[in-house]
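Chains, contacts and geometry: an overview
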Amino acid sequence: MCGIFGMLSLKGDPLHYPHLAETMGRVLHHRGPDSHKVFARPDFILGSQRLRINDLSPRADQPFTDPSGSAVLVCNGEIYNAPELRARYGDYPFHTASDVEPLIPLLTSRGMEGLAEVDGMFGLALYDSTRRSLLLARDRAGEKPLFYAILRDELWFASEVAALLIHPDLPRHADAAALRDYLILGYARQPRTMFASIRQIEAGTALSFAGTSVTPYRYWYPGAIKEVHRDDHSAAEELKSMLEGAVARQIVADVPVGVFLSGGLDSSILTTLVARNTDPSRINTFAARFAHDSFDESGHAERVARSMGVNHHSVPVGTTELLDAFEEVTRSCAEPISDPAILPTYILSKTAKKTVRVVLTGEGADELFGGYPTYIGHQAARHFNRLPSPVRSLIRAAVLKIPGSHKKVTFEFLLKSFVESAGRSLPQRHLYWVGTRLDVPGGDQIDWPGPHDAAPAQQAMHFDYQAYLPDNLLRKLDRATMLHSIESRAPFLDHALTRFALSLEEPMKVRGITTKWLLKKAASDWLPHSIVYRKKRGLSVPVASFLNDELRREVDLLLSDDFQEFHQLGRPLLRRMILEHGTGSVNHVRSLWPLIVLRRWVTRWKVQPPLATLTPQNSSQSLQPALLEN
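These lines cover the structure that appears in this document, whether it is placed above or below.

Definitions and limits used
Residues numbered from 1 in each chain as written. Predicted model: local features only at pLDDT ≥ 70, side-chain atom pairs only at ≥ 80, totals over all residues. Heavy atoms only, no water. Helix = DSSP H or I, 4+ residues; strand = E, 2+ residues; numbered from the N terminus. Rg over C-alpha atoms; globule rule 2.2 N^0.38 Å. Buried < 20%, exposed > 50% of the residue type's maximum accessible area, 1.4 Å probe, protein only. Contact = heavy atoms within 4.5 Å. Areas by Shrake-Rupley, 256 points an atom, 1.4 Å probe, with all protein chains shown as cover. Lys, Arg positive; Asp, Glu negative; His and termini not counted. Charge placed at Lys NZ, Arg CZ, Asp CG, Glu CD. Pairing = 2+ DSSP bridges. Phe/Tyr/Trp six-rings, centres within 6.5 Å; stacked < 30°, edge-to-face > 60°. Core = buried A, V, L, I, M, F, W, Y, C linked by side-chain atoms within 4.5 Å. Expected span 1.5 Å × (residues − 1). Arc of directions from axis to C-beta. Polar contact = N/O pair within 3.5 Å; in protein donor to acceptor, adjacent residues only side chain to side chain. Axes fitted to C-alpha atoms, helices over the stretch in contact; angles between N-to-C directions.

This brings us to the overall build of the protein. Counting its secondary structure elements, the protein contains 25 helices and 17 strands. The C-alpha atoms of the protein give 24 Å as radius of gyration, which agrees with the globular expectation for 630 residues (25 Å, within 12%). Overall, the C-alpha framework of the protein stretches about 75 × 60 × 50 Å when taken along its three principal axes. Taking all 630 residues of the protein together, the buried fraction comes to 61%. Pairs at least 24 residues apart make up 73% of the contacts formed inside the protein by residues separated by at least 6 positions. Roughly 23400 Å² of accessible area belongs to the protein as shown, and the carbon and sulfur atoms make up 53% of that amount. Here the protein holds 72 positive side-chain charges and 70 negative ones, and the gap between their average locations is 4 Å.

Right, let's talk about the sheet that holds strand E9 (residues 154–158) for a bit. Read from one edge of the open sheet, six strands run E2-E3-E1-E9-E8-E10, paired in antiparallel fashion. Every interior strand has two partners, whereas the edge strands, strand E2 (35–41) and strand E10 (199–200), have only one.

Another point: the packing of aromatic side chains. Taken as a whole and assessed by the stated rule, the structure comprises 14 aromatic pairs. Ring centres of Tyr92 and Phe94 lie 4.8 Å apart, and the angle between their planes is 55°; on these two criteria the pair is classed as tilted. The exposure class assigned to Tyr92 is buried, which follows from its relative accessible area of 14%. A centroid spacing of 5.7 Å and a plane angle of 55° characterise the contact between Tyr372 and Tyr375, whose relative ring orientation is tilted.

All right, on to the nonpolar core then. Counting 93 residues, the largest nonpolar core has Leu183, Ile198, Trp593 and Trp601 as its most contacted members. Considering each element in turn, this core owes the most residues, nine residues, to helix H25 (residues 589–604). Other than its neighbours up to four places away in sequence, Ile198 contacts Phe147, Tyr148, Ala149, Val161, Leu164, Leu165, Leu170 and Thr193. Core analysis: the second largest hydrophobic core is formed by 86 residues, Phe64, Ala137, Val259 and Met308 among them.

With 19 residues, helix H6 (residues 232–250) should reach 27 Å at 1.5 Å per residue; the first-to-last C-alpha distance of 27 Å fits that figure. Inspection of H6 places Ala235, Ala236, Leu239, Lys240, Leu243, Ala246, Val247 and Gln250 among the buried residues, and these make up the whole buried set. The arc that holds every buried residue of H6, seen down its axis, measures 135°, which confines them to one face. Here H6 starts with a cap whose side-chain oxygen sits 3.1 Å from the backbone nitrogen of His233, and that cap is Asp231.

The strands that make up a sheet pair up through hydrogen bonds in the backbone, lying either parallel or antiparallel. Sheet architecture is open: five strands sit in the order E15-E14-E13-E16-E17, paired in parallel fashion. Each having just a single partner strand, strand E15 (311–317) and strand E17 (487–489) make up the two edges of the open sheet. Within this sheet the neighbouring strands show an average axis-to-axis angle of 30°, counted without direction. Across the sheet, helix H8 (residues 298–308) lies against strand E14 (284–290) and E15, angled at about 170° from E15, the strand it touches most.

Omega for the peptide link from Gln62 to Pro63 comes to 5°, which places this bond in the cis form. You can see Pro63 is positioned in the loop between strand E3 (44–50) and strand E4 (64–65). In the segment running from Gln190 into Pro191, the intervening peptide bond is cis, with an omega of 5°. With respect to the helices and strands, Pro191 occurs in the loop between helix H5 (176–185) and E10. The phi dihedral of Arg132 is positive, around 50°, even though this residue is not glycine. Looking at the element boundaries, Arg132 is found in the loop between strand E6 (120–128) and strand E7 (133–138).

Further remarks concern the environment of Ala422. Relative to the assigned elements, Ala422 resides in the loop between helix H14 (411–421) and helix H15 (426–434). For Ala422, a relative accessible area of 0% puts it in the buried group. In this structure the C-alpha to C-alpha distance between Ala422 and Ser208, which are 214 residues apart in sequence, comes to 44 Å. Non-local contacts of Ala422, meaning those with residues more than four positions away in its chain, are made with Ala381, Phe384, Asn385 and Arg429.

Structure, rendered in structure tokens:
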């Protein structure tokens, strides 16, 4: 695991600011505090800040070069099929036991097509001096980040946005389309970032730069995977085998490995399989212990850990810890990350750093196996909409009279969300359920990835896998863990397991009112019924109450003149939401929290207002090659 960075003169001229490569490394130091190395020439620089996970010796520090010295590689991530690649290229003169080094013979011989043969999480850069070309690529799910900017005929890239912001000529205007996505969803969608001058490599894609030309290449098409009919028993057995293989591959490390354990299904599966593969007494698990009872699940996690015989750490997550984490995250991250779960993840990582360098997490299980209640909602909407209009109106009126609550996601909240949006189209309904609910002009118009001929719940899962997962959940996880120099791994995003999950028919995922139907059936052989079928809670944070107390000043600042240029929502709307939230009549935390994070980002990074208006017309996502024209 590393932080990678570099510069390339697209025309072969000497670099304008080569001395700033050292500064880029310092900015990324938290991603790789164990070593700092650069490979420099007058017209290009590749650098790495390494966190030593596999082969802890200095000889495995990056950048790597091929025997001729013409190919130079830096990679942030872990390559799980490195042993197979190493065996395939047995004649290559490997000098380390690193999982990254086998990428050199693969990519130099196969080019971009070789990316389809990599099983792992990565953001990588490969420079070929014979062709004067630079390849930037990212893993299928988007676990590891990779950003770039083109200015004055130079390409700069880095694992984090903050490392690019040291460029003295880089404009800091917000991107209008990304900002619009953020106000609708709570996050910007790839390939855009919140800065108009910075882009990110999309998950499952690569860009090859040669001179002033660029070649995009997509090697992963999740929407193209066809559903396969399977009987229940064989599907469960196949899933169990794949889960065991995924965990076995991802616990390989030369440093201690732990698990973020909530006591829910996904993390309990991981803990069980890790304990079956290694000595349980060497495993450390970590759970958040909230002071607010409705948010606390630490008791469930402790029971799971005790039954497995692992070393469990129950980490206090109270008001003080959360507010301290809020200050540090908004100060350190050059992206507005509006998922409040980044705060307890940051706190857990701070504790985990004391005993482990790698943690396994359950990210991806909900999107791939149908874990969110929204998927049941999409199925139920078809039945609700068949009811006579007067009956629907009576039900809607009765549900909306139920008092609001600042507790964790409640049945009242889910019911209200359902009746308010069941009659909308599938994309509009899903955006309402998962988004910010801010009144953004044209806010119900947003790109909807395929397959469009799938069942409604399947379509929603594809959207979540291709948008919510990489652009929100994995971004949150990467930043929170790497701020404390620990590596997160998500076994549910194993390549073979992902392909299997995407090929499952809808009833294998959501059956009746049961979510994750197949995953629960498979886990029943490993875990007790009380864990497998416990109600899903998720890692939520009591920020709704903070807005009326500890963060009240942050709420008031949303009405400032300078911030108005960014959200363009209008003061009357904001005043109404703030008043309703303060009185407890309506819980507006899903709308107000992203705005608070956004204002912090604008202030901390001196962001200028967007040069375009926030309209659906400028929200196209296919922008990577066009950046060369700017």
